[in-house]
Amino acid sequence: MGLNKVKMVIDRDYRIGEIDKRIYGSFIEHLGRAVYDGIYCPGHPTADENGFRQDVKDMVRQLNVPVIRYPGGNFVSNFYWEDSVGPVEERPKRLELAWRSLEENRVGLNEFISWAREIGSDVMMAVNLGTRGMDAACNLLEYCNHPGNTKYSDLRIKHGYKEPHKIKIWCLGNEMDGPWQIGHKTMEEYGRLAEETAKAMKLIDPEIQLVSCGSSSKTMPTFPKWEAVTLEHTYDYVDFVSMHQYYGNQAGDSQDFLACSDDMDQFIRTVIATCDYVKAKKRGRKNIHISFDEWNVWYHSKEAEKNITESKPWQPAPPLLEDIYTFEDALLVGLMLITLMKHADRVKMACLAQLVNVIAPIMTDAAGGKVWRQTIFYPFMHASQYGRGFALLPVIHSPKFDTSKHEDVTAVEAVSVYNEERDEVTIFAVNRSLTEDAQMAVDVRSFEGYRVLEHIVLESNDLKAVNSSLEQKVAPKSTSQSVMDGGVVTSLLHKASWNVIRLGK
Ligand code: AHR
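Reading the values: rules and limits
All residue numbers refer to position in the chain's written sequence, counted from 1. The predicted origin of the model limits local features to residues at a pLDDT of at least 70 and limits the giving and counting of side-chain atom pairs to 80 or more, whereas totals for whole chains, interfaces and linings rest on all residues. Note: side-chain values were computed over all heavy atoms of the structure, leaving out hydrogens and water. Patches here are clusters of residues that have more than 30% relative accessible area and form no salt bridge, with a 9 Å joining cutoff for like charges and a 5 Å cutoff for nonpolar side chains (Val, Leu, Ile, Met, Phe, Trp, Tyr). Exposure was quantified through the Shrake-Rupley algorithm and a 1.4 Å probe, taking into account, for residues, occlusion by the shown protein chains and nothing else. Salt bridge criterion: a side-chain nitrogen from Lys or Arg within 4 Å of a carboxyl oxygen from Asp or Glu. Helix numbering and strand numbering both begin at the N terminus, where a helix is a DSSP run of H or I of at least 4 residues and a strand a DSSP run of E of at least 2. Accessibility here uses a 1.4 Å probe with only protein chains present; expressed as a share of the type maximum, an area under 20% marks a residue as buried, one over 50% as exposed, and anything in between as partly exposed. We call two residues in contact when some of their heavy atoms are within 4.5 Å. Any residue with a non-hydrogen atom lying within 4 Å of a molecule or strand is treated as near it. Polar contacts, as used here, are pairs of N or O atoms within 3.5 Å; protein pairs need one atom able to donate a hydrogen and one able to accept it. Residues neighboring in sequence count only if both atoms are side-chain atoms. Three classes are used, and their members are as follows: Ala, Val, Leu, Ile, Met, Phe, Trp, Tyr, Cys and Pro are nonpolar, Asp, Glu, Lys and Arg are charged, and the others, Gly among them, are polar. Note on geometry: axes are C-alpha line fits, over the in-contact stretch for helices, and angles between N-to-C directions span 0 to 180 degrees. Orientation labels follow simple angle bins: below 35 degrees gives roughly parallel, above 145 gives roughly antiparallel, 65 to 115 gives roughly perpendicular, and whatever is left gives oblique. Throughout, a crossing is termed right-handed when the near helix is turned clockwise from the far one, and left-handed when it is turned anticlockwise from it by less than a right angle. Whether two aromatic rings pair depends on their centres lying within 6.5 Å, for rings of Phe, Tyr and Trp, where Trp uses its six-membered ring; planes under 30 degrees apart make the pair stacked, over 60 edge-to-face, and the rest tilted. The rule is short: NZ of Lys or CZ of Arg within 6 Å of the ring centre and within 35 degrees of the ring normal puts a charge over the ring. Among the buried residues, those of types Ala, Val, Leu, Ile, Met, Phe, Trp, Tyr and Cys that are joined through side-chain atoms within 4.5 Å form a nonpolar core. Strands pair, by our definition, only if DSSP identifies at least two bridges between them. Arc definition: it is the arc formed by the directions from the helix axis to the C-beta atoms. The length a helix should cover is 1.5 Å for every residue beyond the first.

## What about a nonpolar patch on the surface?
Then, in step 1: A cluster of nonpolar residues, Val-9, Tyr-14, Leu-393 and Val-395, forms a patch on the protein surface that exposes about 330 Å² of accessible area.
Then, in step 2: Mapping Val-9 onto the fold places it in strand β1 (residues 3-9).
Then, in step 3: We classify Val-9 as partly exposed; its relative accessible area is 31%.

## Things to note about the side chain of Ser-384
Then, in step 1: The residue Ser-384 is located in helix α11 (residues 377-386) in this model.
Then, in step 2: Dropping the residues within four chain positions of it, Ser-384 is found in contact with Tyr-24, Leu-63 and Asn-64.

## Digging into the site of the ligand
Then, in step 1: Of all residues adjacent to the ligand, which total 13 residues, the nearest are Glu-29, Asn-74, Glu-175, Tyr-246 and Glu-294.
Then, in step 2: Between the ligand and Glu-29, the relevant distance is 2.6 Å, taken from an oxygen atom to a side-chain nitrogen or oxygen of the residue.
Then, in step 3: Between Asn-174 and the ligand, the recorded distance is 3.0 Å, taken from a side-chain N or O atom to an oxygen atom.
Then, in step 4: Protein burial of the ligand: of its 280 Å² of free accessible surface, 96% is covered by the chains.
Then, in step 5: For the shell around the ligand, the residue count by class is 6 nonpolar, 4 polar and 3 charged.

## Details of the packing of helix α3 (residues 134-145) against helix α4 (residues 151-158)
Then, in step 1: One way to put it is that α3 packs onto α4 with a least axis distance of 7 Å and a crossing angle of 50 degrees. Looking at the two axes, α3 sits oblique to α4. For α3 against α4, the interelement crossing comes out right-handed. Contacts between α3 and α4 involve Asn-139, Glu-142, Tyr-143, Cys-144 and Asn-145 on the former and, on the latter, Lys-151, Tyr-152, Ser-153, Leu-155 and Arg-156.

## A few points about the packing of aromatic side chains
Then, in step 1: Scanning the model with the defined rule gives 16 aromatic pairs in all.
Then, in step 2: Residues Tyr-24 and Phe-380 carry aromatic rings whose centres are separated by 6.5 Å and whose planes lie at 85 degrees to one another, so their mutual orientation is edge-to-face. Here Tyr-24 is found in the loop between β2 (15-18) and β3 (25-27), whereas its partner Phe-380 is found in helix α11, with 356 residues between them in sequence. Each member of the pair, Tyr-24 as well as Phe-380, carries the same accessibility label: buried.
Then, in step 3: Look at Trp-81 and Tyr-152: their rings are 5.7 Å apart centre to centre, the planes differ by 70 degrees, and that puts the pair in the edge-to-face class. Highlighted residues: Trp-81 in the loop between β4 (67-70) and β5 (94-96) and Tyr-152 in helix α4, separated in sequence by 71 residues. Each member of the pair, Trp-81 as well as Tyr-152, is classed as buried.
Then, in step 4: An aromatic cluster is built from Tyr-36, Tyr-40 and Phe-52, whose rings are joined through pairwise contacts.
Then, in step 5: Its end group placed over the ring of Phe-390, Arg-15 keeps NZ or CZ at 4.2 Å from the ring centre.
Then, in step 6: A cation over an aromatic ring shows up here: Lys-302 above the ring of Trp-298, its NZ or CZ 3.9 Å from the ring centre.

## Points about the nonpolar core
Then, in step 1: Leu-109, Trp-170 and Phe-292 are the most contacted members of the largest nonpolar core, which has 138 residues in total.
Then, in step 2: With 11 residues, the single largest contributor to this core is helix α10 (residues 327-342).
Then, in step 3: Not counting chain neighbours up to four residues away, the residues in contact with Trp-170 comprise Met-125, Val-127, Leu-140, Leu-141, Cys-144, Asn-145, Met-201, Ile-208, Gln-209, Leu-210 and Val-211.
Then, in step 4: In this structure, Val-412, Ile-427, Met-440 and Val-489 belong to the second largest nonpolar core, which totals 20 residues.

## Topic: the pattern of salt bridges
Then, in step 1: For the coordinates displayed, the defined rule picks out 34 salt bridges.
Then, in step 2: Between Glu-104 and Lys-93 there is a salt bridge, with its nearest N and O atoms 4.0 Å apart. Placement of the pair is Glu-104 in the loop between β6 (101-103) and α2 (109-118) and Lys-93 in the loop between β4 and β5, with a sequence separation of 11 residues.
Then, in step 3: Between Lys-464 and Glu-328 there is a salt bridge, with the nearest N and O atoms lying 2.6 Å from each other. A residue pair is termed long-range when its members are at least 10 positions apart, and Lys-464 in the loop between β22 (451-459) and β23 (477-479) and Glu-328 in helix α10 qualify at 136 residues.
Then, in step 4: Look at the salt bridges and you will find they share partners, linking Arg-192, Glu-195, Glu-196 and Lys-199 into a network.

## A few points about the side chain of Ser-482
Then, in step 1: Among the structural elements, Ser-482 can be located in strand β24 (residues 482-485).
Then, in step 2: Polar side-chain contacts of Ser-482 include one of 2.7 Å to the side chain of His-455.
Then, in step 3: Among the polar contacts listed, one links the side chain of Ser-482 to the side chain of Ser-491, at a separation of 2.7 Å.

## Considering the pairing of strand β12 (residues 347-352)
Then, in step 1: In terms of residue burial, β12 counts as a mostly covered element, since 6 of its 6 residues are buried.
Then, in step 2: Across 2 bridges, the pairing between β3 and β12 is parallel. Its bridge partner lying in β12, Ser-26 is registered against Leu-352.
Then, in step 3: Pairing analysis gives 4 bridges linking strand β11 (residues 289-297) to β12, with the strands arranged parallel. Residue pairing in the sheet places Ile-290 in a bridge with Val-347 of β12.

## Structural notes on the sheet that holds β4
Then, in step 1: The sheet built from 8 strands closes into a barrel, its strands ordered β3-β4-β7-β8-β9-β10-β11-β12 with parallel pairing. Within the sheet, the average angular offset between the axes of one strand and its neighbour, ignoring direction, is 30 degrees.
Then, in step 2: Inspection of the sheet shows strand β7 (residues 122-127) paired to strand β8 (residues 169-172) by 4 bridges, in the parallel sense. In the sheet register, Val-127 faces β8, and the bridge partner there is Leu-172.
Then, in step 3: Across the face of the sheet, α3 comes into contact with β7 and β8 while running at roughly 160 degrees to β7.

## Re helix α9 (residues 302-311)
Then, in step 1: Three or more residues of α9 are buried, namely Glu-305, Ile-308 and Thr-309. Projected down its long axis, α9 carries its buried residues within an arc of 90 degrees, all on one side. With respect to the buried face of α9, the exposed residues turned more than 90 degrees away are Glu-303 and Glu-310.

## A few points about helix α5 (residues 187-204)
Then, in step 1: End to end, α5 covers 25 Å across 18 residues, agreeing with the expected 26 Å (1.5 Å per residue, within 8%).
Then, in step 2: Buried residues along α5 sit in contact with β7, α3, β8, β9 (209-212) and α6 (225-234).

See below:
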């Protein structure tokens, strides 16, 4: 085993852009045990007077999530919002088509918005452009945001919510390019519907920000034409285009799996280029920003999922998409976070999909059991906690290698974030080599008088190590692997490790 030598230069004046805190958003869908038996569990020893688990709220707070997407996902494309409001005992049960479950509407949009506000998050609401259209979207917006004296705002007041919810961010449907989507559309169909819906919604509330649906992944056959065609319709009314991407190590090739963040980077670059093409074609002035509103690792649970949705449909809150994350999954999540930060100038929102029980950093054991942290909880928590401020241009020289499906993969991926208010710089670095440790020398000349505050590491000698409610095999620790000398921080980055190196005065 050798030692890779890595050089990095950071300078307080070389800024990519200010990180929008909303890139540390997450997602709760009415899917599986995310809502029922996840955040909501009346009868649980920690449940509050509304049935929401206090221990789950506390753990979500540790992630400091500024925005949460709701209520889907695929769920939204068959969502009848009117069924989810008003007296609970009068709400109907519905067939939930996306996940072939039973939606009992015990938690609806008012309860969810109150829960999100309580934990300090804004809500990013999605409208149903699958089975429904402009009419339902406009009524929902009027219900949520209009102060009063109209049919739907008065209905909200009657339901006990005098003040408007003032939901600022609205997604115009979900993954409308995907054949699996209920009410899937061609690009022309979606473009026109989204354009007219956006136009009407902005008339109701000009303050809202709208997200136009982008491709469901980089591998969709219609990518990137989908973005080019649909944004030509929606450009005048929207602020964001969505991106979604999940990765998995189905092939059992860990070194190649850790190179997937390079695909994510390429995906982002192509979407930015497409947005700029549309801007030029429209002779427009505004940039369309990116809302990377679904991203994560997702593959462990895929077969189990089919077993439930195909053989045992229409269950309330069945255990779906309950991926148990390995240590290597946490490394890729760290790499994906670094990729998002590196695009701070154009990626202004992002949602780790999802938050509780469903492809989630936070799990609850069934039947009101314990709440616990998955491996991926930690890189997300670190990024959300220390990755606020200005993303600095990472000038990195790292050895490179090829993997089975990727070329020129850097051994070390890193980015640094300068927090002017706290007078701190944090370097996030993943050594994704599975065989070599790395010695990283970071030239920090413009940060005179700074010292190493802390070097946090997430590592394991078992790439497949997982956590559970009984044991936290994968958890961060503080090390003394970084030293500052003459304006250079020298850090030892163990092979396969996530590193958070904090500098301050
Ligand atoms: O997050 C799980 C699902 O993944 C969402 O419902 C959908 O939008 C995506 O395909």
